[in-house]
Amino acid sequence: ALCLSQDFDFFYFVQQWPGAYCDTKHSCCYPKTGKPIADFGIHGLWPNYKDGGYPSDCDPDSRFDKSEISDLIGRLEKEWPTLSCPSNDGTKFWTHEWVKHGTCSESELGQREYFEAALKLKEKANLLRALTNAGIKPNDECYELQDIKDAIKEAVGFTPGIECNVDSSHNSQLYQVYLCVETSGTDFVECPLLQRFKCGSSIQFPKF
Ligand code: 5GP
Ligand code: 5GP
Ligand code: 5GP
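Caption draft 1: Representation of the site of ligand 1 within the structure. Around ligand 1, the neighbouring residues are Tyr-12, His-43, Trp-46, Pro-47, Asn-48, Tyr-54, Lys-100, His-101 and Gln-195. One of the side-chain N or O atoms of His-43 is found 3.5 Å from an oxygen atom in ligand 1. Contacts to ligand 1 include His-101, whose side-chain N or O atom sits 2.6 Å from an oxygen atom. In terms of residues, the shell around ligand 1 owes the most to one element, strand S2 (residues 41-48), which gives four residues. Classifying every residue of the shell around ligand 1 by side-chain character gives four nonpolar, four polar and one charged.

Caption draft 2: Inspection of the site of ligand 2 at higher detail. In the vicinity of ligand 2, the residues found are Gly-53, Tyr-54, Ser-56 and Lys-100. Within the contact set of ligand 2, a nitrogen atom lies 3.0 Å away from a backbone nitrogen or oxygen of Tyr-54. One nitrogen or oxygen atom from the side chain of Ser-56 is found 3.0 Å from a nitrogen atom belonging to ligand 2. Protein burial of ligand 2: of its 500 Å² of free accessible surface, 28% is covered by the chains. Residues that form the shell around ligand 2 fall into these classes: one nonpolar, two polar and one charged.

Caption draft 3: Here's a closer look at the packing of helix H3 (residues 91-100) against helix H4 (residues 111-124). Their axes nearest at 11 Å, the elements H3 and H4 cross at an angle of 110°. Put simply, H3 runs roughly perpendicular to H4. Judged by the twist between their axes, the crossing of H3 over H4 is right-handed. Here H3 contributes Trp-94, Glu-97 and Trp-98 to the contact with H4, which in turn contributes Gln-111, Tyr-114 and Phe-115. In terms of residue class, the contact of H3 with H4 is built from four nonpolar, one polar and one charged.

Caption draft 4: Region of interest: the state of the cysteines. As enumerated under the stated definition, the model contains five disulfides in all. Across the disulfide, Cys-29 is cross-linked to Cys-85 (sulfur-sulfur distance 2.0 Å). Where Cys-29 bonds to Cys-85 through sulfur, the torsion about that S-S bond is close to 105°, and the disulfide is right-handed. Here Cys-29 is found in the loop between helix H1 (18-22) and S2, whereas its partner Cys-85 is found in the loop between helix H2 (73-79) and H3, with 56 residues between them in sequence. Accessibility expressed as a relative area gives 39% for Cys-85, which makes it partly exposed. Lacking any disulfide linkage, Cys-142 is separated from the closest cysteine sulfur, that of Cys-164, by 10 Å.

Conventions adopted
- Residues numbered from 1 in each chain as written.
- Chains lettered and ligands numbered in written order.
- Predicted model: local features only at pLDDT ≥ 70, side-chain atom pairs only at ≥ 80, totals over all residues.
- Heavy atoms only, no water.
- Near = heavy atom within 4 Å.
- Polar contact = N/O pair within 3.5 Å; in protein donor to acceptor, adjacent residues only side chain to side chain.
- Helix = DSSP H or I, 4+ residues; strand = E, 2+ residues; numbered from the N terminus.
- Nonpolar A, V, L, I, M, F, W, Y, C, P; charged D, E, K, R; others polar.
- Areas by Shrake-Rupley, 256 points an atom, 1.4 Å probe, with all protein chains shown as cover.
- Axes fitted to C-alpha atoms, helices over the stretch in contact; angles between N-to-C directions.
- Parallel < 35°, antiparallel > 145°, perpendicular 65-115°, else oblique.
- Left-handed = near helix turned anticlockwise from the far one by under 90°.
- Contact = heavy atoms within 4.5 Å.
- Disulfide = S-S within 2.5 Å.
- Buried < 20%, exposed > 50% of the residue type's maximum accessible area, 1.4 Å probe, protein only.

Dropping the structure here:
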């Protein structure tokens, strides 16, 4: 790993709301394994620098090896479902995330550890429960961006970044939630920086 070791400062752990992904211009396709449950899904665990830049595709020699994580596939299908078209079983999405991002934290986490870390982080940050407990539900209603951030901070302990997208009727919608994680991939930390994502002060939480 000598030549591969790539420094980074922290991870973004990014979860996506499927209802918002499916409402955009790209539309979406359900995975071959069926419509995902109405929950946030993992998008990725992304090594990042404190200045906002990030490494990508760090190890051309590393391939995604499904056999290393064969016993995690059931959990990945549930917690890290793919919504892109054409419909597939998720392997393409996991491969893309590993090759683009996971290979940049290989100094800290091997492939199996990387996927296990992401699954554990999702257990620790149950966003839907955090929001529901605060009365914020995926029912096509609009909520204050600040209330969404406060509910997640209350449950997880750290302030999230919220990314919105715009649906066909120009509503600003809750799309992705960014939390930061220290380099071992275990504990959440306050984000060294969060991009300013284009959200209105009141955003829609779409049904899925
Ligand atoms: P987009 O252009 O949709 O914001 O991002 C496209 C892709 O770039 C993401 O799926 C992700 O792989 C990568 N990306 C975007 N923003 C960030 C970031 O702040 N940090 C890292 N590490 N990757 C990012
Ligand atoms: P943007 O036009 O939003 O700056 O970036 C477009 C795409 O460039 C993003 O989707 C992302 O994939 C890539 N990108 C932006 N910043 C970085 C960076 O610091 N490192 C890498 N590897 N890609 C970046
Ligand atoms: P990123 O490069 O932004 O980490 O990941 C985006 C890439 O993953 C795109 O090529 C996209 O087509 C693919 N992808 C597959 N399934 C999904 C999904 O469910 N959500 C998102 N955001 N991207 C997905």
